[in-house]
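The chain contents come next:
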Amino acid sequence: MKVIQHSVETLQKALISKHKDLAELYKKYTKEEQRLLEEGFHAGQQGSLFQYITVHSDSDWIPAHPEEPQDFESFYKDPYRKTPSTSQNTIYIQTIGSFGEAGAQTDQYVEWLRAYCQAFFYGLTVKLLPAVTVAETGCSFRLNSNSYNLQILTGDLLRFLGNRKPKDAFCIVGITMIDLYPKDSWNFVFGQASLSMGMGVFSFARYDDNFYTRNYAGRLRKHLKPKKGDYSVFDGYYTPPITSTLLLRSCKTMTHEIGHMFGIRHCQWLNCVMQGSNHLEESDRRPLDFCPICLRKLQVAIGFKIADRYKALLQWMEEDQSPVSSPEEASACQSSLSFPKPTHAFHTCKLWLCRCLSILQGDL
Ligand SMILES: [Zn+2]
Ligand SMILES: [Zn+2]
C-alpha cells in the first residue's frame, strides 16, 4: 500500500493558486470557510477531516491510468469546462428500465437519488424525466457470453438521451439497473459520457453484492438467444435489491459522473469522491464527498455557501430514514409497501458533515 502524501505547500498551491486574481478570489471566503478548506493541509494527522489517498495495488486507478493532476487553477482556466447559466441550470435524470420489483419502489429510489443530487449540487435544480422502458429507447442489447446477463448498448442510449435533452438542461444523465456494453468486443462498461454534449449513462447493475457470484439472479439460460428488437426479455428481468449499500454506491457514482460534467477531472490530491476508480472495492473506498480542492471547483462553478450545501446533505441523510429495528420488523416494513430511506450506510458521512458544519459555524 502506498500513501500519496503531498506537501502542505503543494496542497496550498493546488487549492489557492499562486495566481494573484485567484488568490484574491480565495480571500472572499469567510474565515470559517477558509478554515474548513485548509483542513486538507492537516491530512494524515489523527482525526483530520481529509485523508491522503492510498494506492492499494497496481490495479487501482492512479497506477493504471496516469493522468495530469488538475489543480484549482487549471480547472478555472480550462476553456472547455462548462458552467451552469441562468438559462441552463437544471440537471435531468432519465431512468431506463425498472429499479425494483414494484413500480412504486422504482419511483421512490429514483426520487432519493434526485434529492441527493440536488443537495450535492446545491443551487441547481435536479429533475426526473418520465421513466422509460428499455423498449422505448430502441437500443441494441445482448446476452453477455461470459456472465449470461442482459446488457444494453451505451451508444444507442446516449443518442436517445441527446434527443430528449430539454433546452434548460445543464446536463442529462441516464441511469439503469441493467448492465451496459460500449461495443461488441467489450465485456461491459459501468458507464459512458460525452462531456461536450453534457450527457452520460450509468449502470448500477454491478453494485449488486451478488453480481460476481454464482447466485446472481440476473444470469439467464446459456442457450437463450434474445431476438433483435424483441424486448420481452426485459419484462420482469432481475434488478438488484434496494439496500443501503446500493443507495450509497449509486449516490457516489451519480455525483462523481455529474462532477465530470462541470469539467472536474479525477482527483489526485486527497481522498475524494472525484478519485478515479477501476473496480468496486476502490469505489467503495472513496468518500462520499469532495476534498477541499474539488469543493472549491464546484463552489466556483455554482456559487453556493459551503455551509448551506453541507446542511442540505445532512438534511437528506436525516429525513425519512428507516427506523432502527429488528430484522423481522424490517422485513414487515418492506412488505407493507412503505419504503423508508435506508441511510445506515451513510452514518459515518453524517458524522463527518456535522464536524464540517461545526467548523463553518465557528464552534470549534
Ligand atoms: Zn470518473
Ligand atoms: Zn478532490
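Taking an unreviewed UniProt entry as the reference, the protein is identified by name as Archaemetzincin-2 belonging to Sphaeramia orbicularis. UniProt's Function (unreviewed entry) comment on the protein is quoted here verbatim: "Probable zinc metalloprotease." Under the Cofactor (unreviewed entry) heading, UniProt states for the protein: "Zn(2+)".

Q: I'm lost on the overall build of the protein in this one. Help?
A: Looking only at helices and strands, the protein has 14 helices and 10 strands in total. Its C-alpha atoms put the protein at 65 × 50 × 45 Å along the principal axes. Per-residue burial over the protein gives 37% buried out of 364 residues. For the protein, contacts bridging at least 24 residues in sequence account for 72% of all contacts bridging at least 6.

Q: Honestly, the sheet that holds strand E10 (residues 199-203) in this entry has me stumped. Any pointers?
A: Within a beta sheet, neighbouring strands are joined by backbone hydrogen bonds and run either parallel or antiparallel to one another. The 5 strands lie next to each other as E4-E3-E7-E10-E9, forming an open sheet whose pairing is mixed. With partners counted over all chains shown, the strands left at the sheet margins are strand E4 (125-132) and strand E9 (191-194), one partner each. Recorded for the sheet is a direction-independent mean angle of 15° between the axes of neighbouring strands. Here strand E3 (residues 90-96) runs beside strand E7 (residues 169-176); their pairing, made up of 7 bridges, is parallel. By the bridge assignment, Thr95 is partnered in E7 with Ile175. Sheet strands touched by helix H8 (residues 154-164): E3, E4, E7, E9 and E10. Its angle to E10, the strand with the most contacts, is close to 135°. On the sheet, helix H9 (residues 244-261) packs against E3, E7, E9 and E10 and is oriented at approximately 145° with respect to E7.

Q: Please clarify how helix H14 (residues 347-360) should be interpreted in this entry.
A: Given 3.6 residues per turn, any residue in an α-helix points the same way as the ones three and four places further on. Taking 1.5 Å per residue as the helical rise, H14 with its 14 residues ought to reach 20 Å, and the 20 Å between its terminal C-alpha atoms agrees with that figure. For H14, the complete set of buried residues consists of Leu353, Cys356, Ile359 and Leu360. The arc that holds the buried residues of H14, viewed along the axis, is 115°, so those residues lie on one side. Exposed residues on H14 whose side chains face more than 90 degrees from its buried face are His347, Thr348, Leu351 and Cys354. Where the residues of H14 are buried, they touch helix H3 (31-37) and helix H12 (306-318).

Q: What is the right way to look at the packing of H12 against H14 in this model?
A: Two packed helices can be described by the angle between their axes and the distance between those axes. In the contact formed by H12 and H14, the axes pass within 10 Å of each other and the chain directions differ by 150°. Here H12 lies roughly antiparallel to H14, going by the angle between them. Crossing of H12 over H14 shows left-handed handedness. Contacts between H12 and H14 involve Ile306, Ala307, Tyr310, Lys311, Leu313, Leu314 and Met317 from the first element and Cys349, Lys350, Leu353, Cys354, Cys356, Leu357 and Leu360 from the second. Split by residue class, the contact of H12 with H14 holds 12 nonpolar, no polar and 2 charged.

Q: What exactly am I supposed to notice about the domain arrangement of the protein here?
A: Much of the literature gives interface size as the accessible area that the parts lose upon coming together. Taken as a whole, the protein is organised into domain 1 (2-80 + 269-303) and domain 2 (90-248). Each of domain 1 and domain 2 was reduced to a C-alpha centroid, and the two centroids are 29 Å apart.

Q: Got a minute to help me understand the nonpolar core in this structure?
A: Cys171, Val173, Cys272, Cys291 and Cys294 are the most contacted members of the largest nonpolar core, which has 84 residues in total. The biggest single contributor to this core is H9, with 7 residues. Once you skip the residues sitting within four places of it in the chain, Cys171 turns out to touch Ile91, Gly198, Met199, Ile258 and Met261.

Q: Sorry, what's going on with the environment of Arg81 here?
A: You can see Arg81 is positioned in the loop between helix H5 (72-76) and E3. The residues contacting Arg81, other than those within four sequence positions of it, are Phe75, Phe262 and Gly263.

Q: Is there a simple way to think about the sheet that holds strand E8 (residues 179-181) in this case?
A: On the basis of which strands lie adjacent, the open sheet formed by 3 strands has the order E5-E6-E8 and mixed pairing. Because the sheet does not close on itself, it has two edges, and the strands there are strand E5 (141-143) and E8. Going from strand to strand, the sheet's axes swing by 40° on average, the running direction of each strand aside. Bridging between E5 and strand E6 (residues 150-153) involves 3 bridges; their strand directions are antiparallel. Among the inter-strand pairings, Arg142 is bridged to a residue of E6, identified as Gln151. Against the sheet, H8 makes contact with E6 and E8, and its axis sits at roughly 50° relative to E6, the strand it touches most.

Q: What exactly am I supposed to notice about unusual backbone geometry here?
A: Note on backbone geometry: most residues besides glycine have negative phi, and most peptide bonds are trans. Located in the positive-phi region is Ser17, a residue other than glycine, with phi close to 85°. Topologically, Ser17 is positioned in the loop between helix H1 (8-16) and helix H2 (20-26). The residue Tyr148 is not glycine, and still its phi comes out positive at about 60°. Overall, the presence of 15 C-beta atoms within 10 Å leaves Tyr148 in the partly exposed class.

Q: Looking at this model, I keep getting lost on H9. Mind explaining?
A: Here H9 contains 18 residues, and its C-alpha end-to-end distance of 26 Å stays within 8% of the 26 Å for a straight helix at 1.5 Å per residue. Within two residues after H9, Gly263 carries a phi angle of roughly 95°, on the positive side.

Q: I'm lost on the pairing of E10 in this one. Help?
A: Each regular strand carries side chains that alternate between the two faces of the sheet. E10 sits mainly inside the fold: 5 of its 5 residues count as buried. With burial as the criterion, each face of E10 is covered, one bearing Met199, Val201 and Ser203 and the other bearing Gly200 and Phe202. In the sheet, E9 pairs with E10 via 4 bridges, with the strands oriented antiparallel. Within E10, the position partnered with Gln192 by the bridge is Val201. The loop that links E9 with its antiparallel partner E10 comprises 4 residues; one of these, Gly198, has a positive phi angle of about 65°.

What counts and what doesn't
Residues numbered from 1 in each chain as written. Chains lettered and ligands numbered in written order. Predicted model: local features only at pLDDT ≥ 70, side-chain atom pairs only at ≥ 80, totals over all residues. UniProt positions renumbered as here; feature names shortened; annotations may be inferred. Helix = DSSP H or I, 4+ residues; strand = E, 2+ residues; numbered from the N terminus. Buried ≥ 20, exposed ≤ 12 C-beta atoms within 10 Å, placed from the backbone. Contact = placed C-beta atoms within 7 Å. Pairing = 2+ DSSP bridges. Axes fitted to C-alpha atoms, helices over the stretch in contact; angles between N-to-C directions. Expected span 1.5 Å × (residues − 1). Arc of directions from axis to C-beta. Parallel < 35°, antiparallel > 145°, perpendicular 65-115°, else oblique. Left-handed = near helix turned anticlockwise from the far one by under 90°. Nonpolar A, V, L, I, M, F, W, Y, C, P; charged D, E, K, R; others polar. Domains from an automatic or database assignment. Core = buried A, V, L, I, M, F, W, Y, C linked by C-beta atoms within 7 Å.

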